[in-house]
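Understanding the architecture of this molecule
Take a look at the letters that make up each chain.
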Number of protein chains: 2
Amino acid sequence: MGKVVAVVGATGAVGREMLRVLEQRKFPVDKLIALASARSAGQKLPFAGGQIEVQTLGARSFDGVDIALFSAGASVAREFGPVAAKAGAVVIDNSSAWRMDPEVPLVVPEVNMAAAAHRPKGIIANPNCSTIQMVVALKPLHDAARVRHVIVSTYQATSGKGHAAVEELLAQTRAVLDGKTPEASVFPGIMAFNVLCDWKAGDSAYSEEELKMVQETRKIMGDDTIGVSPTTVRVPVVNGHSEAIFVRFERPMTAVEAKTLLRHAEGVVLMEDDYAPGKHPQPVQVSGQDPVYVGRVRDDLFEPGSLHLFVVGDNLRKGAALNAVQIAERL
Amino acid sequence: MGKVVAVVGATGAVGREMLRVLEQRKFPVDKLIALASARSAGQKLPFAGGQIEVQTLGARSFDGVDIALFSAGASVAREFGPVAAKAGAVVIDNSSAWRMDPEVPLVVPEVNMAAAAHRPKGIIANPNCSTIQMVVALKPLHDAARVRHVIVSTYQATSGKGHAAVEELLAQTRAVLDGKTPEASVFPGIMAFNVLCDWKAGDSAYSEEELKMVQETRKIMGDDTIGVSPTTVRVPVVNGHSEAIFVRFERPMTAVEAKTLLRHAEGVVLMEDDYAPGKHPQPVQVSGQDPVYVGRVRDDLFEPGSLHLFVVGDNLRKGAALNAVQIAERL
């Protein structure tokens, strides 16, 4: 009764996390096929006590595959997503390639699993990491009082930009500590002991990452009237995104009510003792964990009925690999 | 025509910066008196090509002093501020001790220098670092369109917590890179490659740092109806605070108009090319600079007439030492 599962981009940060998540969650895998570009072919990846040899992604890679988890770039997903779907696999793609396609459902299981049933292209899209943790936290509040406007500032980890970004942060940090000049190739400057904004995309004054949060939130929540105003910022953290979120609702909501809802929300851990020093959600503690951690739930001081939340999640797990595997589990 | 200047807390992070700022700005110092606790007495600090020996702070320390710059804690300021004022010195205090006293003006020279004229206690207070850089950026916009509500998320540097905090960040970072366990005494946990929220103060769900931003902004701007909703967060940066700011006005303002105002605003550098990768304001570039850097000025996507700004300043300079010296210069 097991499945044949292909992981595309298996050698990347999210791909490796997908293998770990499949194993940890005892996903019923009959056969695992690890796919990557020719450059990575032949590499061995640990899985289920053994080793899987990485194969070169090609036109016949998906023959007999039941589930294809894509964690490669958007261009690979655009080219090979339809190939995998045509071969009969259910494609769950972590790139931005298909997210806003009206024929592709964009799914966070805790929020809109039902949407996954209608997938005319055989493809389901996994949302952006920053969006996933935000909608998991907002969904129970939205169901109760309808979210109208979200103002969100992110504190994003470098792992969201892949292995090379993490390595560059660590190398730059060591250089700074040793009094040497840090070198940048992944980041447009110094990431060590610094803060870097994303830059704008095309004509918009907003960055690509910011526009993803705007559009994907609406699509996942199934409500095109929700306003999202994001400022996305990269901080010198290895793994785990944090978000400072302000929410205005249609029907006023108090922090007390929000905490009651979040305490029982699926996929959420509410940190209630977070007013003590060091007891709020933190990336180093949340990294490696499945749930989205919500803390500092408090009433706005000037707009009664509006709230602030501080939301921290593992961007490689719930923000990417885990969310994709959870979709596969529930199909 | 020079002045006798005392610096209280001269060996601290802000105290040392005060000596540097006085020297760099060629403040007319006839005699400089460096004061600190008995523990630091006898230390030598560099000033104007020579060395100043640190003296123990005491009841007679301020005899003949014209200007006393305090950068010690609140309890020292509460005890010795009035002593210095009684001895005839103008006291400019960087602690939180006197900031909300109705008889003590709270001054940012670019915003409300006139307030410094009325100082019945002989004391002028220097605002909190996070507040200073925010009000410098908001003032020209407030004059034009009246600020109604500010939602601000901070990315604060460790230097704002003093020398020991910076040393702990660096030591923790080295430990993590070397695979050792980081130790915490200044911070309530791991600051290296992590994000730490401030914790709450007393009965409020908001932290002390957050409540300072709420109260001090109103006092400096001279408008008790301004709403400030802050989330203050510490990031693993050595020096330079960043702030993601959303502003709603009484009269709608566009990003185009705001940029025109900010381009000519005192103490502000508007980064106009900040949509290119790495060209926005950044702590590592702003550290050591006097102005407040404003970038990513953009219209909100859902609330016409409201704006977003990204504001970065050197928290030890404009956020503390420089602001105090600028007050002294203009007196």
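Relevant structure appears above.
Report on the accompanying structure.

Analysis parameters
- Residues numbered from 1 in each chain as written.
- Chains lettered and ligands numbered in written order.
- Predicted model: local features only at pLDDT ≥ 70, side-chain atom pairs only at ≥ 80, totals over all residues.
- Heavy atoms only, no water.
- Helix = DSSP H or I, 4+ residues; strand = E, 2+ residues; numbered from the N terminus.
- Rg over C-alpha atoms; globule rule 2.2 N^0.38 Å.
- Buried < 20%, exposed > 50% of the residue type's maximum accessible area, 1.4 Å probe, protein only.
- Contact = heavy atoms within 4.5 Å.
- Areas by Shrake-Rupley, 256 points an atom, 1.4 Å probe, with all protein chains shown as cover.
- Pairing = 2+ DSSP bridges.
- Axes fitted to C-alpha atoms, helices over the stretch in contact; angles between N-to-C directions.
- Least-squares fit on C-alpha atoms with pLDDT ≥ 70 in both.
- Buried area = accessible area lost by both parts, 1.4 Å probe.
- Salt bridge = Lys/Arg side-chain N within 4 Å of Asp/Glu carboxyl O.

Tallying secondary structure elements over chain A gives nine helices and 16 strands in all. For chain A, the C-alpha radius of gyration of 20 Å lies close to 20 Å, the compact-globule estimate for 331 residues. In terms of overall dimensions, chain A has C-alpha extents of about 60 × 55 × 45 Å along its principal axes. When each of the 331 residues of chain A is scored for burial, the buried share is 61%. Long-range pairs, those at least 24 residues apart, make up 66% of the contacts in chain A between residues at least 6 apart in sequence. Of the roughly 12,100 Å² that chain A leaves accessible, carbon and sulfur atoms contribute 51%.

All names here are of chain B. Read across the sheet, six strands follow the order β5-β2-β1-β6-β7-β8 without closing on themselves; strand pairing throughout is parallel. Lying at the two open borders of the sheet, with one neighbouring strand each, are β5 (55-56) and β8 (123-125). Sheet topology places strand β1 (residues 3-8) next to strand β2 (residues 29-36); six bridges connect them, and they run parallel. Note that in β2 the partner of Val-4 across the bridge is Lys-31. Helix-sheet contacts for helix α2 (residues 74-86) involve β1, β6 (67-70), β7 (90-93) and β8, and the interaxial angle to β6 is about 175 degrees.

In this section: the relation of the copies chain A and chain B. Superposing chain A onto chain B takes a rotation of 180 degrees combined with a translation of 0.0 Å along the rotation axis, leaving an RMSD of 0.0 Å. The transformation just described matches what one would write down for a two-fold rotation axis. The overlap is high: 100% of the interface residues of chain A also sit at the interface in chain B, so the same surface is used on both sides.

Counting residues at the interface gives 60 residues for chain A, matched by 60 residues for chain B. Carbon and sulfur atoms supply 64% of the area buried between chain A and chain B, which totals about 5,100 Å² over both sides. Linking chain A with chain B are eight salt bridges. Ionic pairing is found between Asp-178 of chain B and Arg-174 of chain A, a salt bridge with its closest N-O pair at 3.3 Å.

All names here are of chain A. Of note, Pro-182 is situated in the loop between α5 (163-177) and β10 (196-197). Along the backbone, Pro-182 and Leu-106 are 76 residues apart, and their C-alpha atoms lie at a distance of 39 Å. For Pro-182, the contacting residues outside a window of four places in its chain are Gln-172, Ala-175, Val-176 and Ile-190.

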